[in-house]
Amino acid sequence: MTRRRAATLLPATLPALVALLLVGLVAGHAQAAGYRYWSFWERDGDRWVYATQGPSTTRPSDGTVQGFRFAVSEDSGDATRPRGTADFPTICADTPAQDGRKRVALVIDFGTVKDSPSGETPPALRTACAAVSPDATTAEALATVAKPLRYDTHALLCAISGYPRKECGDPVAEAKKPAATKQRDDSDGGPSVGLWAGVAAVAVLGGAAVWQARRRRHAR
């Protein structure tokens, strides 16, 4: 390729390159949207810990407290915990121990109106004590106290006690974040500082490329 052809090719292709980079930056920003879904938790002492397995594979032991929370979250790192402080003795106080059965305390938090699907109202938070066989999973324990349950084809828990009616892990425009951690650049709904910094970087690279092309033409 001659120097003349190289010098004319770069300015011609630069707008397309810049456009592609901008699309990538905007797409990356758009992917920050959260999802509205049921998260699954395990009680560890006086705190909730995000479960490392799904309810259909977890086999809790007798005396375990497990929780579910319906909310909008980006991922497990910012998922909203179940509310309330009820412990196993409180939840299972009216369910006596039985031979050949285990008791699993369940906290079912349907979330807030803010996080509910359009046209739906979340039921009140409830607790239940499930007496099930020793090898039962959390999903089986949940099914004994909170039917109907709904799952998708990938075994994702979509609804507890019929809530929500239709959705299943649907994306939302913006994930809800705690006020203490919400960044100022996200508060007005506009592009983030990171996005504008990326745009500025692309502009600088584009200007440098054009300058280099002009320098080559004048050098001939």
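Everything here concerns the structure above.
Note that the coordinates shown come from a computational prediction; the quantities given were computed from them, not determined experimentally.

### Some thoughts on the environment of Pro60
1) Next: Within the secondary structure layout, Pro60 lies in the loop between strand 2 (47–50) and strand 3 (64–73).
2) Next: For Pro60, a relative accessible area of 7% puts it in the buried group.
3) Next: Taking the C-alpha atoms as reference, Pro60 lies 6.6 Å from Thr137; in sequence the two are 77 residues apart.
4) Next: Pro60 has contacts with Gln66, Lys102, Val104, Ala136, Thr137 and Thr138, leaving out every residue within four places of it along the chain.

### What to know about unusual backbone geometry
1) Next: Between Lys147 and Pro148 the backbone carries a cis peptide bond, its omega angle lying at -5°.
2) Next: Cis geometry is adopted by the peptide bond preceding Pro164, which originates at Tyr163 and carries an omega value of -5°.
3) Next: Examined against the element boundaries, Pro164 turns out to sit in the loop between strand 7 (157–159) and strand 8 (170–171).
4) Next: One non-glycine residue, Ala155, lies in positive phi territory at about 70°.
5) Next: By secondary structure assignment, the location of Ala155 is in the loop between strand 6 (150–151) and strand 7.
6) Next: Positive phi outside glycine occurs at Ser161, with the angle close to 55°.
7) Next: Within the secondary structure layout, Ser161 lies in the loop between strand 7 and strand 8.

### Some details on the state of the cysteines
1) Next: For the structure shown, the criterion picks out 2 disulfides.
2) Next: Disulfide pairing is shown between Cys92 and Cys129; the S-S distance is 2.0 Å. Across the S-S bond of Cys92 and Cys129 the torsion is about 100°, and the bridge reads as right-handed. Of the two residues, Cys92 is situated in the loop between helix 2 (88–91) and strand 4 (102–109) and Cys129 in strand 5 (residues 126–132); the sequence distance between them amounts to 37 residues. Across the pair, Cys129 and Cys92 agree in class, each one buried.
3) Next: Numbered in order of appearance, the disulfide-bonded cysteines of the protein are paired 1-2, 3-4.

### Focus: the nonpolar core
1) Next: Trp38, Phe68, Leu106, Ile108, Leu142 and Ile160 are the most contacted members of the largest nonpolar core, which has 18 residues in total.
2) Next: Contributing elements (two or more residues each) for this core: strand 1 (35–44), strand 3, strand 4, strand 5 and helix 3 (138–145).
3) Next: Sort the elements by how many residues they give to this core and strand 4 lands first, with 3 residues.
4) Next: Those residues in contact with Ile160 that sit more than four places away from it in its chain are Trp38, Phe68, Ile108, Phe110, Leu142, Ala146, Pro148 and Leu149.
5) Next: In this structure, Trp41, Phe88, Ile91 and Cys92 belong to the second largest nonpolar core, which totals 11 residues.

### Some details on the packing of aromatic side chains
1) Next: In the structure shown here, the tally under the stated rule is 6 aromatic pairs.
2) Next: With a centroid separation of 5.1 Å and an interplanar angle of 75°, the aromatic rings of Trp41 and Tyr50 are classed as edge-to-face.
3) Next: Judged by its relative accessible area of 28%, Tyr50 is partly exposed.
4) Next: With centroids separated by 5.3 Å and ring planes inclined at 70°, the aromatic side chains of Phe70 and Tyr163 adopt a geometry described as edge-to-face.

Cut-off values and rules
- Residues numbered from 1 in each chain as written.
- Predicted model: local features only at pLDDT ≥ 70, side-chain atom pairs only at ≥ 80, totals over all residues.
- Heavy atoms only, no water.
- Helix = DSSP H or I, 4+ residues; strand = E, 2+ residues; numbered from the N terminus.
- Buried < 20%, exposed > 50% of the residue type's maximum accessible area, 1.4 Å probe, protein only.
- Contact = heavy atoms within 4.5 Å.
- Disulfide = S-S within 2.5 Å.
- Core = buried A, V, L, I, M, F, W, Y, C linked by side-chain atoms within 4.5 Å.
- Phe/Tyr/Trp six-rings, centres within 6.5 Å; stacked < 30°, edge-to-face > 60°.

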